[in-house]
Amino acid sequence: VAQPSFQPPLIGLLSKNKSRITSSDDVTISGNITDGDGNVVSAVLNYAVGYNNTTFQTINMVKNSNNDVWTATIPAQADGSVVKYFVTATDNDANTSVFPDSLALNSAYMVKNTISSISDIQSTPYGSGASIFAGDTLTNISIKGVVVSTIRQRDLGYIILADGTGPNS
C-alpha cells in the first residue's frame, strides 16, 4: 500500500509582468510551483482590490508546458487602486500551499496613471512603511524637488529630496 505524501507544493517567488501599472493594464502574475514528491494539479491566483479588503476573487493559473512556471492575469483596475494577491497550489495528494500569505499583506501593487510626486512613490499601505514600489524599476518619471544635504561625515552624510511639506513628500 502506497503511503500518502505530506509534502505540499513549493511556490517560488511571485513576480508581475510590469512595475508601473496604469488603469488600462492587465497584470500577469507568475510563480514557479513544484512538488517534490508528486505533481501540482492546480494553482489559483487570489486577488482583492483594496488593501483592507479580505474578499478575494480567484483566477485559475495556467502552467507553462516547458517549465514549472504558472501564470494568471488580473484584469485592469481603476487608478489609485491597491491590488493585493497570493497563490494557492494543490498537489496530487491534496496537499495545499499558500504563498506568500492568505491575507496578501506584503504582496500588492498600486495602479497609478500618473506618478508626479515623491508622495506618489512613498505612500504605502504596508505597516512597515516600505514603498509599495520597493524592488520595482519605475521609468519615464520626472519629479521636481529640493535637495538638502549635510556636508560633514560626522553629520551622517544625509541627502534628502523633498517636493512638499505633506506626509511622504
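Residues numbered from 1 in each chain as written. Predicted model: local features only at pLDDT ≥ 70, side-chain atom pairs only at ≥ 80, totals over all residues. Heavy atoms only, no water.

(A) Representation of the overall build of the chain. On a plain count of helices and strands, the chain comes out with one helix and 11 strands. Secondary structure elements of the chain, listed N to C terminal, follow the sequence β-β-β-β-β-β-β-β-β-α-β-β. Over its C-alpha atoms the chain spans a radius of gyration of 20 Å, topping by over 25% the 15 Å that the globule rule assigns to 169 residues. Overall, the C-alpha framework of the chain stretches about 75 × 40 × 30 Å when taken along its three principal axes. For the chain, restricting intrachain contacts to residue pairs at least 6 apart in sequence, the fraction spanning at least 24 positions comes to 60%. For the chain, the accessible surface area stands at approximately 9800 Å², while carbon and sulfur atoms represent 50% of it. Positive and negative side-chain charges in the chain, numbering 9 and 13 respectively, have mean positions lying 15 Å apart. (Helix = DSSP H or I, 4+ residues; strand = E, 2+ residues; numbered from the N terminus. Rg over C-alpha atoms; globule rule 2.2 N^0.38 Å. Contact = heavy atoms within 4.5 Å. Areas by Shrake-Rupley, 256 points an atom, 1.4 Å probe, with all protein chains shown as cover. Lys, Arg positive; Asp, Glu negative; His and termini not counted. Charge placed at Lys NZ, Arg CZ, Asp CG, Glu CD.)

(B) Examining the sheet that holds strand E1 (residues 10-16) more closely. Spatial ordering of the open sheet is given by E1-E2-E6-E5, a layout of four strands whose pairing is antiparallel. Edge strands, defined here as strands with exactly one partner in the open sheet, are E1 and strand E5 (62-63). Direction of pairing for E5 relative to strand E6 (residues 69-74): antiparallel, over a ladder of two bridges. Counterpart to Lys63 in the pairing with E6 is Trp70. (Pairing = 2+ DSSP bridges.)

(C) Quick peek at the nonpolar core. In this structure, Ile33, Leu45, Ile74, Tyr85 and Tyr109 are the most contacted members of the largest nonpolar core, which totals 21 residues. Apart from the residues within four sequence positions on either side, Ile33 is in contact with Pro9, Leu10, Ile11, Val40, Ala43, Asp68, Trp70, Val87 and Ala89. Val82, Met110, Tyr126 and Ile132 belong to the second-largest nonpolar core, a separate cluster that totals eight residues. (Core = buried A, V, L, I, M, F, W, Y, C linked by side-chain atoms within 4.5 Å. Buried < 20%, exposed > 50% of the residue type's maximum accessible area, 1.4 Å probe, protein only.)

(D) The pairing of strand E8 (residues 96-99), seen in detail. Pairing between strand E7 (residues 82-91) and E8: four bridges, direction antiparallel. Paired with Ala89 across the two strands is Ser97, which belongs to E8. Between E7 and the antiparallel strand that follows it, E8, lie four residues; Ala94 among them carries a positive phi value of about 70°.

(E) Up close: the pattern of salt bridges. Evaluation of the coordinates by the stated rule reveals four salt bridges. Across the pair Asp136 and Lys16 runs a salt bridge whose closest N-O atoms are separated by 3.1 Å. Residue Asp136 is found in the loop between helix H1 (118-122) and strand E10 (146-149), and its partner Lys16 is found in strand E1; the two are separated by 120 residues along the sequence. (Salt bridge = Lys/Arg side-chain N within 4 Å of Asp/Glu carboxyl O.)

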